Amino acid sequence: MDARTGEGAAQGHGAIRPDLRLVAEMVTPGSRVLDVGCGDGALLHHLVHERQVDGRGIELSMDGVRQCVSQGLSVIQGDAEADLADYPDDSFDFVVLSQTLQAMRDPRRVLLELVRIGRHAVVSLPNFGYWRVRMSLLWGGRMPVTKRLGYAWWETPNIHLCTIRDFLDLCADVGVRIDRTVILGRHDRPTRAHPALNNLIGEQGIFLLSRK
């Protein structure tokens, strides 16, 4: 299930979105990687060719699978929420879930599966607590539409919107350790603000996770 926006490989090989590049930088070169909800394969292609990983992908959309396969990527069609349970423990060094957790029916269970089948997980998600989202809802009185939440309420695949603070609480509740955090503000630039402000000024968060 892919809720990413504008990941496309049309920019050319090696030219990916800044947030995806930051996701890739959390992955150790040469490691075994599973990209869950890999979309058109832009991130997976970058990981394979720029980070020299042994990369695999799973994608719900057949169109996405075809785009990945056309780039020579090893991707299967499947529903991650059902299929992740079939992978043995520690099957991969890293499992990546980019801009997709909020589109899952059971984010808690998916998060636990990520850190079970991967020694590390990299998760990125949009922040519904971002100040522009708050102001849009306060003054406009309608569900916000932003670059990271780019759907009208009636067509969005994002069914479990959360804030950065919500995600931190979830990780604490289920015993998932956060080893590294990058918070992106406007224009996908990492913020330098005090961590207490992350939930307000962060448009999205990227987290390197592992089991406690």
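Look up: the structure comes first, before these words.
Residues numbered from 1 in each chain as written. Predicted model: local features only at pLDDT ≥ 70, side-chain atom pairs only at ≥ 80, totals over all residues. Heavy atoms only, no water.

Draft legend 1. Local environment of the packing of helix H1 (residues 18-25) against helix H2 (residues 42-50). At their nearest, the axes of H1 and H2 sit 10 Å apart, and the two run at 45° to each other. The angle between H1 and H2 places the two elements in the oblique class. Considering the relative orientation of H1 and H2, their crossing is right-handed. Where H1 abuts H2, its residues Leu20, Arg21, Val23 and Ala24 lie against Leu43, His46 and Leu47. Grouping the constituent residues of the contact of H1 with H2 by class yields five nonpolar, one polar and one charged. (Axes fitted to C-alpha atoms, helices over the stretch in contact; angles between N-to-C directions. Helix = DSSP H or I, 4+ residues; strand = E, 2+ residues; numbered from the N terminus. Parallel < 35°, antiparallel > 145°, perpendicular 65-115°, else oblique. Left-handed = near helix turned anticlockwise from the far one by under 90°. Contact = heavy atoms within 4.5 Å. Nonpolar A, V, L, I, M, F, W, Y, C, P; charged D, E, K, R; others polar.)

Draft legend 2. Representation of the sheet that holds strand S7 (residues 204-211). One open sheet holds the seven strands; their spatial order is S3-S2-S1-S4-S5-S7-S6, and the pairing between them is mixed. Strands at the two margins of the open sheet, each flanked by one partner only, are strand S3 (75-77) and strand S6 (176-184). Between one strand and the next, the sheet's axes are offset by a mean angle of 15°, whatever the strand orientation. Summarising the sheet, strand S2 (residues 54-59) and S3 pair through three bridges and their orientation is parallel. Considered in S3, the bridge of Ile58 is made with Ile76. Packed onto the sheet, H2 meets strand S1 (32-36), S2, S3 and strand S4 (92-98) and runs at close to 170° relative to S2. (Pairing = 2+ DSSP bridges.)

Draft legend 3. Spotlight on the pattern of salt bridges. One pass over the structure, following the stated rule, counts 12 salt bridges. Ionic contacts of the salt-bridge type, sharing partners, join the residues Arg32, Asp54 and Arg56 into one network. (Salt bridge = Lys/Arg side-chain N within 4 Å of Asp/Glu carboxyl O.)

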